[in-house]
Amino acid sequence: MNPLPIISDLNSDLLEGPVFDSKESLLYFVSILDFLVFCYNPSTGEVLSVKLDSPVSCVFLLDQKRVMVATKNGFFKVDFNTLQKQLAFQMDIPDFVRYNDGIRDSEGRFIIGTMGFPVIKDHIGKVFSYSEGTYKVIIENTTISNGLVFSQDGFTLYFVDSPTKKVAKYAYNKDTGDVLFLSYVITFMGESIPDGMCMDNEGMLWIAEYGGGCVSRWNPENGQRIEERKLPCPNVTSCCLDNNLNLYVTTAKSNIKDDKYGGRLFYIELN
């Protein structure tokens with residue numbers, strides 16, 4: 001059975017970046033081209049939103065309904081208790097790129113990639129590491145940065161540059177925040193393009209398949225595809241796990257005439 005959208009009136013071109021706050025039991029996600037960041041309370045059904053001033057790419061958890069939100073024009077602290085926003089910092093990025101996927105490391109650094117905008121261009125993106133007013137590039141020559149995920153011990157960083165159709169594995173130095181490329185551990189052979197991803201409690205990767213209409217589970221140790229869960233729309237953009245180890249999944253609209261579910265938020269029960 002295909003899952004149905006959990007918020008019926010949410011109609012976005014491009015939903016992305018779901019992050020579940022396990023302490024507060026809240027889900028955050030963004031509508032990139034609508035400049036919106038959302039806070040969804042699964043227990044009450046309440047949906048709060050704050051509009052920023054440029055494309056919004058991802059959310060980093062802070063505390064007590066407060067998050068850091070990456071936009072093209074900088075990183076904003078957003079307080080969902082008051083629905084207020086405040087510019088926190090910006091890095092020196094060209095006008096022809098925007099931020100895309102991101103994650104925090106165990107030491108609190110903000111790790112985030114860039115991509116061409118409004119036109120996607122090959123190899124003009126980078127992955128940055130930001131901490132306490134200083135930042136540096138840790139991965140060069142990317143095109144569409146997606147799927148930044150740390151291993152459970154924090155010493156391995158998995159990364160998707162979507163057009164490569166591969167998941168790369170990097171050794172991660174917690175002391176310096178530097179990375180060392182080790183290998184490609186997963187390769188997509190079909191029409192699907194790997195997008196956002198998350199790691200489950202067994203160390204397996206759940207990967208959103210853009211153009212493939214599913215999320216799939218992979219073993220990063222041997223590159224094997226374990227299972228998939230289908231969705232009723234082709235463009236699946238990202239996913240995250242909640243406290244019950246079930247999946248929240250974001251999607252985007254497509255050019256397919258009968259695609260009435262693209263751009264919605266879904267919930268897939270795995271347990």
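Structure's up top.
So, how was this worked out
- Residues numbered from 1 in each chain as written.
- Predicted model: local features only at pLDDT ≥ 70, side-chain atom pairs only at ≥ 80, totals over all residues.
- Heavy atoms only, no water.
- Helix = DSSP H or I, 4+ residues; strand = E, 2+ residues; numbered from the N terminus.
- Buried < 20%, exposed > 50% of the residue type's maximum accessible area, 1.4 Å probe, protein only.
- Polar contact = N/O pair within 3.5 Å; in protein donor to acceptor, adjacent residues only side chain to side chain.
- Contact = heavy atoms within 4.5 Å.
- Pairing = 2+ DSSP bridges.
- Axes fitted to C-alpha atoms, helices over the stretch in contact; angles between N-to-C directions.

> I'm lost on the side chain of N235 in this one. Help?
Within the fold, N235 resides in strand β21 (residues 235–241). Here N235 falls in the buried class, since its relative accessible area comes to 8%. Only 3.3 Å separates the side chain of N235 from the side chain of Y210, close enough to count as a polar contact. Among all residues touching N235, those that are not within four sequence positions of it are Y210, G211, T251, A252, K253 and S254.

> I'm lost on unusual backbone geometry in this one. Help?
For residues other than glycine, phi is negative in most cases, and the peptide bonds are mostly trans. At the junction of F117 and P118, the peptide bond is cis and its omega measures out at 5° in the coordinates. With a phi angle near 65°, F35 is a residue other than glycine that sits in the positive phi range. Note that F35 resides in the loop between β2 (26–31) and β3 (36–40). Despite not being glycine, L83 shows a phi value in the positive range, around 60°. Within the secondary structure, L83 is located in the loop between β7 (74–79) and β8 (84–89). For L83, a relative accessible area of 40% gives the class partly exposed.

> Help me out: how do you make sense of the sheet that holds strand β4 (residues 47–51) in this one?
The strands making up a sheet associate through hydrogen bonds between their backbones, and the pairing can be parallel or antiparallel. Ordered by their spatial adjacency, four strands build an open sheet running β1-β2-β3-β4, and the pairing between neighbours is antiparallel. Single-partner strands in this sheet number two, and they are β1 (15–21) and β4. For this sheet the average axis-to-axis angle between neighbouring strands, irrespective of direction, equals 20°. Sheet topology places β3 next to β4; five bridges connect them, and they run antiparallel. Bridge pairing in β4 places F38 opposite S49.

> Looking at this model, I keep getting lost on the sheet that holds strand β15 (residues 166–172). Mind explaining?
Judged by pairing direction, the sheet is antiparallel, and its four strands sit side by side in the order β13-β14-β15-β16 without closing on themselves. Two strands in the sheet have a free side with no partner beyond their single neighbour: β13 (145–150) and β16 (179–187). Direction aside, neighbouring strands of the sheet carry axes that sit 25° apart on average. Pairing of β13 with strand β14 (residues 156–161) involves four bridges; the strand directions are antiparallel. Bridge assignment links S145 to a residue of β14, and that residue is D161.

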